[in-house]
Amino acid sequence: MDICVNNITKMYGSQKALDDLSFKVKTGEILGFLGPNGAGKTTTMKAITCYITPNKGDILLGGESVNKSPDKVKSNIGYLPENNPLYLDMPIMDYLTFIGELQGVSKAHIPSQVKKMVQICGLDAEKHKKIGELSKGYRQRVGLAQALIHDPEVLILDEPTTGLDPNQIIEIRALIKEIGKEKTVILSSHILAEVEATCDRVLIINKGKIVADGTPESLRKKAQGKEILRVGVNIKDRNKIYKALSEIKEVEVVSFVEDNDELYEVESHIGKSSAEAIFKMCANKGWYLTQLTPVEKNLEDVFRELTQENKSISAN
Ligand SMILES: Nc1ncnc2c1ncn2[C@@H]1O[C@H](COP(=O)(O)OP(=O)(O)OP(=O)(O)O)[C@@H](O)[C@H]1O
């Protein structure tokens, strides 16, 4: 089921939490929603799930509007809110049955749906425990199970791995990827590795506006701009190498790499590549080239660049 967010603005008093925000998510996509604290991720998710009403704009889920048909929209959404609020005194099975009833699953189907969720979310070994007796990772699984109990087509997950240990994070990410094969998923995070590991596409939001949109790979490439090469030359006289590299016409900046007296970082002029000239120069001089590799910006650099300054890129 497609999601179309059309020009939504949300004000909290005089504060603009969302500023004319628009984006689309296609059926079957896992979209990572990234942004620093206060960027507007939770507000966007609450608007999609009809928990808040935007001051302007509309959101369509499979063509149904959050403004005109909120009940229809809600019936198609599974939501795991930030901090995963759960009834700690309830046993897992009772809790899932209760949520199934609230979500309008027919009485006849509730036992089989609960059983299915327990199986999909890997809760079988713990299913007779009270929620308060579970580890954080298992509580998160219960949160996912409650979001999925009515078999929604869209899943909205607000920071689903917050507070989990590294093993639990890997398990929950794998579970989300598996679920995402059949559902449209939006997942918010400020952990870059999370969206890289789980999502097909990334939206970066800052101050209520989209500042980047694309696959993790395409965003990295777009943000790359200039070629940066890591160059290794096995010659003791560093200044001699530095001077020779600096004199190559395609090269703009040469830097020493700390803690390694064989390595240099070479930045080319915009639109130029220095790799061939560096290779030829070393061959001509009889210098042994130990490394010539492009330095890739990672998503963390892209994120920092885009959320510190008012830049924006689209990699679609
Ligand atoms: N109920 C509210 N009343 C007033 N301001 C709010 C309310 N909810 C959110 N805000 C403000 O709206 C802005 C966006 O908040 P939001 O919670 O959507 O950000 P976020 O990207 O989810 O942040 P975080 O990563 O810290 O959870 C923030 O400046 C926040 O203080």
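None of these values were measured; they are calculated from a predicted model.

Another aspect to go through is the overall build of the chain. Along its length, the chain carries 11 helices and 15 strands. What you see for the chain is a C-alpha radius of gyration of 25 Å, clearly larger than the 20 Å of a compact globule of 316 residues, by over 25%. In terms of overall dimensions, the chain has C-alpha extents of about 80 × 45 × 30 Å along its principal axes. Evaluated residue by residue, the chain yields a buried proportion of 37% over its 316 residues. In the chain, once contacts between residues fewer than 6 apart in sequence are set aside, the share between residues at least 24 apart is 68%.

A word on the pairing of strand β3 (residues 30-34). Of all five residues in β3, five are buried; the element is thus mostly enclosed. Relative to strand β8 (residues 184-189), β3 runs parallel, the two being bridged by five bridges. Residue pairing in the sheet places I30 in a bridge with V185 of β8. Sheet topology places β3 next to strand β9 (residues 201-206); four bridges connect them, and they run parallel.

Partitioning the chain into structural domains gives domain 1 (3-214) and domain 2 (226-296). Measuring from the centre of the C-alpha atoms in domain 1 to the corresponding centre in domain 2 gives 47 Å.

Turning to the nonpolar core, a few remarks are in order. Side chains that are nonpolar tend, in soluble globular proteins, to be buried together. Membership of the largest hydrophobic core comes to 63 residues, with the highest contact counts inside it found for A145, I156 and I204. The residues contacting I156, other than those within four sequence positions of it, are M45, I48, T49, I77, Y79 and I186. By size, the runner-up hydrophobic cluster in this structure holds 11 residues, among which are L229, V231, V233 and V266.

With that out of the way, let us pick up the packing of helix α3 (residues 92-102) against helix α4 (residues 110-120). Following both chains from N to C, one finds α3 and α4 inclined at 125°, their axes separated by 10 Å at the closest point. In terms of orientation, α3 lies oblique with respect to α4. Our pair here, α3 against α4, has a crossing hand that is right-handed. Across the interface between the two elements, M93, L96, T97, G100 and E101 of α3 pack against I110, Q113, V114 and M117 of α4. Within the contact of α3 with α4, the residues separate by chemical class into five nonpolar, three polar and one charged.

Spatial strand order, β12-β13-β11-β14: four strands in an open sheet with antiparallel pairing. Each end of this open sheet is capped by a strand with a single partner; those strands are β12 (251-256) and β14 (289-294). Pairs of neighbouring strands in the sheet enclose a mean axial angle of 20°, with direction left out of account. Of the pairings in the sheet, the one linking strand β11 (residues 228-233) to strand β13 (residues 263-268) comprises five bridges and is antiparallel in character. Its bridge partner being in β13, I228 is matched across the sheet by E267.

Attention shifts here to the sheet that holds strand β4 (residues 56-61). Through backbone hydrogen bonds, the strands of a sheet pair up, either in parallel or in antiparallel fashion. Spatial strand order, β2-β1-β4-β5: four strands in an open sheet with antiparallel pairing. Across the chains shown, the open sheet's two edge strands, defined by having one partner strand only, are β2 (15-25) and β5 (64-65). As judged from the seven bridges shared by strand β1 (residues 3-12) and β2, these two strands associate in the antiparallel manner. Across the sheet, I3 pairs through a bridge with V25, a residue of β2.

So, how was this worked out
Residues numbered from 1 in each chain as written. Predicted model: local features only at pLDDT ≥ 70, side-chain atom pairs only at ≥ 80, totals over all residues. Helix = DSSP H or I, 4+ residues; strand = E, 2+ residues; numbered from the N terminus. Rg over C-alpha atoms; globule rule 2.2 N^0.38 Å. Buried ≥ 20, exposed ≤ 12 C-beta atoms within 10 Å, placed from the backbone. Contact = placed C-beta atoms within 7 Å. Pairing = 2+ DSSP bridges. Domains from an automatic or database assignment. Core = buried A, V, L, I, M, F, W, Y, C linked by C-beta atoms within 7 Å. Axes fitted to C-alpha atoms, helices over the stretch in contact; angles between N-to-C directions. Parallel < 35°, antiparallel > 145°, perpendicular 65-115°, else oblique. Left-handed = near helix turned anticlockwise from the far one by under 90°. Nonpolar A, V, L, I, M, F, W, Y, C, P; charged D, E, K, R; others polar.

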